[in-house]
Number of protein chains: 2
Amino acid sequence: MSKIPYHINLTEDEIPRQWYNLRADMKQQHGPYLHPVTMKPVVLDDLLPIFCHELCLQEVNTTDRYIDIPDEIHEFYKIFRPSPLIRAYNLEKVLDTPAKIYFKFEGNNTSGSHKLNTAAAQAYYAKEQGITSLTTETGAGQWGTALAMACSYFGLDLTVFMVKVSYEQKPYRKSIMETFGAEIIASPSSTTDIGKMMLAKDPDSTGSLGTAISEAVERAVKTPNCRYVLGSVLNQVLLHQSVIGLEAKLAMEKIDEYPDIVIGCAGGGSNLGGLISAYMGDKLTGRGNPYFIAVEPASCPSMSRGRYAYDYCDTGHITPLAPMYTLGSDFRPSPDHAGGLRYHGMSPILSKLYHDGYLDEARAVTQTSVFEAAALFAKHETILAAPESSHAIRAAIDEALKCKETGEAKTILFGLTGTGYFDLSAYTQYREGKMTDYIPSDEDLERGFASLPKIPGIQD
Amino acid sequence: MSKIPYHINLTEDEIPRQWYNLRADMKQQHGPYLHPVTMKPVVLDDLLPIFCHELCLQEVNTTDRYIDIPDEIHEFYKIFRPSPLIRAYNLEKVLDTPAKIYFKFEGNNTSGSHKLNTAAAQAYYAKEQGITSLTTETGAGQWGTALAMACSYFGLDLTVFMVKVSYEQKPYRKSIMETFGAEIIASPSSTTDIGKMMLAKDPDSTGSLGTAISEAVERAVKTPNCRYVLGSVLNQVLLHQSVIGLEAKLAMEKIDEYPDIVIGCAGGGSNLGGLISAYMGDKLTGRGNPYFIAVEPASCPSMSRGRYAYDYCDTGHITPLAPMYTLGSDFRPSPDHAGGLRYHGMSPILSKLYHDGYLDEARAVTQTSVFEAAALFAKHETILAAPESSHAIRAAIDEALKCKETGEAKTILFGLTGTGYFDLSAYTQYREGKMTDYIPSDEDLERGFASLPKIPGIQD
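Parameters at a glance
Residues numbered from 1 in each chain as written. Chains lettered and ligands numbered in written order. Predicted model: local features only at pLDDT ≥ 70, side-chain atom pairs only at ≥ 80, totals over all residues. Heavy atoms only, no water. Helix = DSSP H or I, 4+ residues; strand = E, 2+ residues; numbered from the N terminus. Rg over C-alpha atoms; globule rule 2.2 N^0.38 Å. Buried < 20%, exposed > 50% of the residue type's maximum accessible area, 1.4 Å probe, protein only. Contact = heavy atoms within 4.5 Å. Lys, Arg positive; Asp, Glu negative; His and termini not counted. Charge placed at Lys NZ, Arg CZ, Asp CG, Glu CD. Bend = angle between axes of the 7 residues up to and from the residue. Salt bridge = Lys/Arg side-chain N within 4 Å of Asp/Glu carboxyl O. Pairing = 2+ DSSP bridges. Axes fitted to C-alpha atoms, helices over the stretch in contact; angles between N-to-C directions. pLDDT = per-residue confidence, 0-100. Least-squares fit on C-alpha atoms with pLDDT ≥ 70 in both. Phe/Tyr/Trp six-rings, centres within 6.5 Å; stacked < 30°, edge-to-face > 60°. Lys NZ or Arg CZ within 6 Å of the ring centre and 35° of its normal. Buried area = accessible area lost by both parts, 1.4 Å probe. Polar contact = N/O pair within 3.5 Å; in protein donor to acceptor, adjacent residues only side chain to side chain. Core = buried A, V, L, I, M, F, W, Y, C linked by side-chain atoms within 4.5 Å. Parallel < 35°, antiparallel > 145°, perpendicular 65-115°, else oblique. Left-handed = near helix turned anticlockwise from the far one by under 90°. Nonpolar A, V, L, I, M, F, W, Y, C, P; charged D, E, K, R; others polar. Domains from an automatic or database assignment.

The secondary structure content of chain A amounts to 17 helices and 15 strands. Scaling as 2.2 N^0.38, a compact globule of 460 residues should have a C-alpha radius of gyration of about 23 Å, and chain A matches this with 20 Å. Across its three principal directions, the C-alpha atoms of chain A cover 60 × 50 × 50 Å. Of all 460 residues assigned to chain A, the portion counted as buried reaches 69%. In chain A, 77% of the contacts between residues at least 6 apart in sequence involve partners at least 24 apart. Averaging the positions of the 42 positive and the 56 negative side-chain charges in chain A gives two centres separated by 2 Å.

The following block contains the structure:
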């Protein structure tokens, strides 16, 4: 067999025509979302004022294994998909490892990340329903950019609540979202009741995804013909992101490869859930058994140090409660550069899979070790990775180095979710030795856990 | 025939194995470079202290139609090539034009532009020769980034003189070059004699490519085992950039298309020369006759308003003189955002082709009209283009709109040289209505022309 190329590309015709709904193959489902006031399982009518109708149906669909991708979304996907699977030959060489390292690169679109996969879908369904405007939150800014692009494409208005620390660290992110026509508001803001409350408690708050979510939801339910959309955590998002995993598996099959290890960074879980989807399906149905690793920031270790419990998805406690690994909605993450991973909770699907042992490992890594990996990767693979994505690079390098020790030629697949063009101040900080690591103490975690809700009969 | 896909992709095996040397098909060659002191044609020995040996040979090669791409460079190309040819379906739709618009997109690599094509080649030849460090200049920063990546890959030290206005407008550009290990110096600087002289004349100088070139050359000739490399203008650069045109032509052939119009932005000419290479070969040999348009900034209209004359390539007058369209080495371009197009001269090859009528048109467009086109393009094609590249978008849109008037379904090919992630302050300025247009007066141009050298017997 001839040498495997650097880029294993699919054709446009090979972009999936259906999303894969992992839940149809899960033996057990996560518990229902709970209403934040009644603490009873939410029903469709509870969700409809917040989310688009079709997306609500997808959120609770546990039976349809495959869901057709509408033509209009598929047409949008063609602008930036299929994304390449890339063999990291140069990284292998510098690590002197017998491992074979592949990565699925989702960064070659203007949002700079995989977020466009679900942004395209959510904007489309809103448009179809006759919705005229959307709200959302963004951390690092990649989700906001993706949604701004999708709203521009489908002709919807968009308001983005951007976590204040990112808003200040990344003025260009704001500008790019505005280029696509979005309105950007730093969160916490004085434009919502919840924002005002947070500012009253802490005027210097650098914000969090949890607070930004609260503000975006509040704005959506108070605005006519407006809905809220979320870039991660939700089941619908993981569904849309399954295109990553489906494409990755198809590309790997073309070169007769099957991964021993699949690695993704995990903040809310959208990338990891999408990347592992097809291979997790194999595991659930006994057709394969890759080792799955979720990589988290040590500063915000939802799975590796969190609790599996019902919790609010937001800080303001206006969203439904989800059963998930969480640090507590009051947990205050440090202003790390991986803003996209700075979330107290985790996808309910991934949480369930981790809890049940299908998702094998959650690994927390420090910021400086992540940037060390990112700098090495840039020099040898020429791609400047986003800090979030670089968590996966860190783990992939560590696994490849283990192979060097043992002599095993394992096949490693990791997700490179995006590019770091807007994160260069962090790269500079790392290079100048000014980057610090924050690891929450057990006491810090306990303070977060103290905010976990008491739910009579379920969680006392 | 089924619908042409959005992306017309080539395989790794289809990356050219040879560069195309356009000059072998030119009936007349441009005049020789002249020594800046003696004003006699330069000989190899004059160039060797400045440039790498193999590159000097390529610079003067007018006979070999194809030149093999060394394996090591080809291997590097595989990391980021082949680049996609993209059908701009959405732009066509919003313009409501019968024209078919294609663009060759060179932005999907971390340098964000086509510059990596020649950076890879020049770094390789330096390494092969035993050179240990390189110097260069950069305007917008894309060339510097590309060369930093190539030097990092091949293990060479690099010093980049960055035009001061870009250095200040684009701190992230500095950071990304440093991430790849380069040393960055704002030009004019006090580290060279020429920089000191320029600062003495004008302490507030925002710099120019011409000055930065002088400083980089001075540093190279004064440093042991160091050479200077240039990202544009030179014949060797156009040779390396021929991969763009060769790939574009191959991809167009796959869908049975032949362009009626080929459009590229032109600063020093590297992108335009590369993009049109294969089709210009057709024109020179009677196998095809596309209409070629070079698009320049109205603020720096080297071809459309310049003179065809011998001129220095730099402001400090230490480089050889080239026969080219020029505004005079003393011409002071306004600090427009398209830093990569802010150069007083133009590739000698393109200048000759334009002078002889093979390059059909040089068109100057204003900055605001360019950003208007870029914003429209971003919204509909989802790519955030660099200001330089957006000059080509402007002309492509204008040609497509002409087709709408006439009803002609012309096939338009333009070069999208790169991305504008580091140009968002300019996008913001445009969006906020704060961008101005500078068009030099005839008197401004005369002041530049006054600096054209007098060369007895050649140019009085």
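On to helix H12 (residues 270-284) of chain B. All names here are of chain B. The principal kink in H12, of about 60°, is found at Ser277. The buried fraction of H12 is high, at 15 of 15 residues. Two residues or fewer after H12 comes Gly286, characterised by a positive phi angle close to 75°.

Residue and element names in this part refer to chain A. Per the counting criterion, the structure on display carries 59 salt bridges over all chains. Between Glu399 and Arg363 there is a salt bridge, and its shortest N-O distance comes to 2.6 Å. Here the residue Glu399 occupies a position in helix H15 (residues 387-406), and Arg363 occupies one in strand S14 (residues 361-365), the gap between them amounting to 36 residues. Take Glu399 and Arg363: they sit in the same class, and that class is buried. The network of salt bridges with common partners includes Arg81, Lys104, Glu106 and Glu247.

This part is about the sheet that holds strand S6 (residues 133-138) of chain B. All names here are of chain B. One open sheet holds the 4 strands; their spatial order is S8-S7-S6-S9, and the pairing between them is parallel. Two strands bound the open sheet, and with one partner strand each, they are strand S8 (183-187) and strand S9 (226-228). For this sheet, the mean inter-axis angle between neighbouring strands, taken without regard to orientation, is 20°. Judged from the 3 bridges that link them, S6 and S9 form a sheet pairing that is parallel. Across the sheet, the residue bridging to Ser133 is Cys226, located in S9. Sitting on the sheet, helix H6 (residues 142-154) is in contact with S6 and strand S7 (157-163), with an inclination near 160° to S6.

Right, let's get into the confidence of the model for chain A. Any residue range with low pLDDT should be treated as having predicted coordinates unsuitable for detailed reading. The predicted model of chain A averages 95 in pLDDT, with 100% of residues at 70 or higher. Scored by ipTM, the complex comes to 0.92, with pTM at 0.94.

A word on the pairing of strand S15 (residues 411-416) of chain A. Residue and element names in this part refer to chain A. Among the 6 residues in S15, 6 count as buried, and that is most of the element. What you see with S15 is no split at all: Thr411, Leu413 and Gly415 on one side and Ile412, Phe414 and Leu416 on the other are buried throughout. In this structure, strand S5 (residues 100-105) lies alongside S15, joined through 6 bridges in parallel fashion. Counted as the bridge partner of Lys104 is Gly415 from S15.

Let us now look at the relation of the copies chain A and chain B. In the superposition of chain A on chain B (RMSD 0.0 Å, axial shift 0.0 Å), the rotation amounts to 180°. Here the transformation between the copies is reduced to the relation of a two-fold axis. Taking the C-alpha atom as reference, chain A places Asn108 of chain A closest to the rotation axis, 3.1 Å from it. Here 100% of the interface residues in chain A have copies in chain B that are interface residues too; the copies meet face to matching face.

What follows deals with the packing of aromatic side chains. All chains considered together, the criterion is met by 40 aromatic pairs over all chains. Plain terms: the ring middles of Tyr421 of chain A and Tyr421 of chain B are 5.1 Å apart, the flat faces sit at 15° to each other, and that makes the pair stacked. Of this pair, Tyr421 of chain A sits in the loop between S15 and helix H16 (424-431) while Tyr421 of chain B sits in the loop between strand S15 (411-416) and helix H16 (424-431), on two different chains. Owing to a relative accessible area of 7%, Tyr421 of chain A belongs among the buried residues under this scheme. Among the aromatic residues, those joined into a ring-pair cluster are Phe76, Tyr77, Phe80, Tyr124, Tyr125, Tyr153 and Phe154 of chain A. Sitting over the ring of Tyr89 of chain A, Lys3 of chain A keeps its end group 4.3 Å from the ring centre.

Attention shifts here to the interface of chain A and chain B. Chain A puts 38 residues into the contact, and the matching count from chain B is 38 residues. Of all residues in chain A, Tyr172, Thr382 and Tyr421 of chain A give up the largest surface area on contact with chain B, accounting jointly for 19% of the area buried on that side. At the surface where chain A touches chain B, the tally comes to 4 salt bridges. The closest approach of N and O atoms between Glu75 of chain A and Lys3 of chain B, which form a salt bridge, is 3.0 Å. Counting every contact that joins chain A to chain B gives 28 residue pairs in polar contact (both at pLDDT 80 or more). At the level of secondary structure, the elements contributing two or more residues to the side of chain A that touches chain B comprise helix H3 (71-80), helix H6 (142-154), helix H8 (171-179), helix H14 (367-381) and H16 of chain A.

Counting residues in each nonpolar core, the largest one holds 235 residues, and the members touching the most others are Trp19, Ile263, Leu359 and Phe414 of chain A together with Trp19, Ile263 and Phe414 of chain B. Once you skip the residues sitting within four places of it in the chain, Phe414 of chain A turns out to touch Ile101, Tyr102, Phe103, Lys104, Ile263, Leu275, Phe377, Ala392, Ile393 and Ala396 of chain A.

Moving on, we come to the sheet that holds strand S4 (residues 85-87) of chain B. Residues and elements named next belong to chain B. Strand order across the open sheet formed by 7 strands is S1-S4-S5-S15-S10-S11-S14, with mixed pairing between neighbours. The outermost strands of the open sheet, each flanked by one partner alone, are strand S1 (7-8) and strand S14 (361-365). Two strands pair when backbone bridges link them, and S4 and strand S5 (residues 100-105) are joined in this way by 3 bridges, in the antiparallel orientation. When the bridges of S5 are listed, Leu85 appears paired with Lys104. The sheet contacts of helix H11 (residues 235-254) involve S1, S4, S5 and S15, and relative to S5 the element is tilted by about 140°.

Before going further, it helps to spend a moment on the pairing of S14 of chain A. Residue and element names in this part refer to chain A. In terms of burial, S14 is a largely internal element, 4 of the 5 residues being buried. In this structure, strand S11 (residues 291-297) lies alongside S14, joined through 5 bridges in parallel fashion. Each residue of the ladder has a partner; that of Val295, found in S14, is Arg363.

In the contact formed by H16 of chain A and helix H8 (residues 171-179) of chain B, the axes pass within 9 Å of each other and the chain directions differ by 50°. As the angle between them shows, H16 of chain A and H8 of chain B are arranged oblique. In this structure, H16 of chain A meets H8 of chain B at a crossing whose hand is left-handed. Residues Leu424, Ser425, Tyr427, Thr428 and Arg431 of chain A of H16 of chain A form the contact with H8 of chain B, whose own contacting residues are Tyr172, Ser175, Ile176, Glu178 and Thr179 of chain B. Residues that form the contact of H16 of chain A with H8 of chain B fall into these classes: 4 nonpolar, 4 polar and 2 charged.

Residues and elements named next belong to chain B. A cis amide bond links Arg81 with the next residue in sequence, Pro82, at an omega value of -5°. Here Pro82 lies in the loop between helix H3 (71-80) and S4. Residues Ser187 and Pro188 are joined by a peptide bond in cis, for which omega reads 5°. Looking at where Pro188 falls in the secondary structure, it is placed in the loop between S8 and helix H9 (193-201).

Residues and elements named next belong to chain A. At their nearest, the axes of H14 and H16 sit 10 Å apart, and the two run at 100° to each other. By the angle class used here, H14 and H16 are roughly perpendicular. Contact residues: H14 offers Thr368, Phe371, Glu372, Ala374 and Ala375, while H16 offers Ala426, Tyr427 and Tyr430. Its residues placed into classes, the contact of H14 with H16 shows 6 nonpolar, 1 polar and 1 charged.

With respect to the helices, strands and loops of the structure, Ala409 of chain B is situated in the loop between helix H15 (387-406) and S15. The contact partners of Ala409 of chain B, leaving out residues within four places of it in the chain, are Pro98, Ala99 and Lys100 of chain B.

Attention now moves to the domain arrangement of chain A. All names here are of chain A. Looking at chain A, the domain boundaries give domain 1 (7-15 + 81-112 + 235-449) and domain 2 (18-66 + 114-228). Using only C-alpha atoms to locate each centre, domain 1 and domain 2 end up separated by 21 Å. Contact residues are listed per partner, giving 58 residues for domain 1 and 57 residues for domain 2. Summing both sides of the interface, domain 1 and domain 2 together bury roughly 5000 Å²; the carbon and sulfur share of this comes to 61%. Its largest share of buried area at the contact with domain 2, domain 1 owes to Gln236, His240 and Phe422, together 15% of the area lost on that side. Connecting domain 1 to domain 2 are 1 salt bridge. Of the charged contacts in the structure, one is a salt bridge between Asp423 and Lys170, with a shortest N-O distance of 2.5 Å. Our count for the domain 1 to domain 2 interface comes out at 26 residue pairs in polar contact (both at pLDDT 80 or more). Every element with two or more residues in the side of domain 1 that touches domain 2 is listed here: helix H11 (235-254), helix H12 (270-284), strand S12 (307-312), strand S13 (321-326) and helix H13 (348-355).

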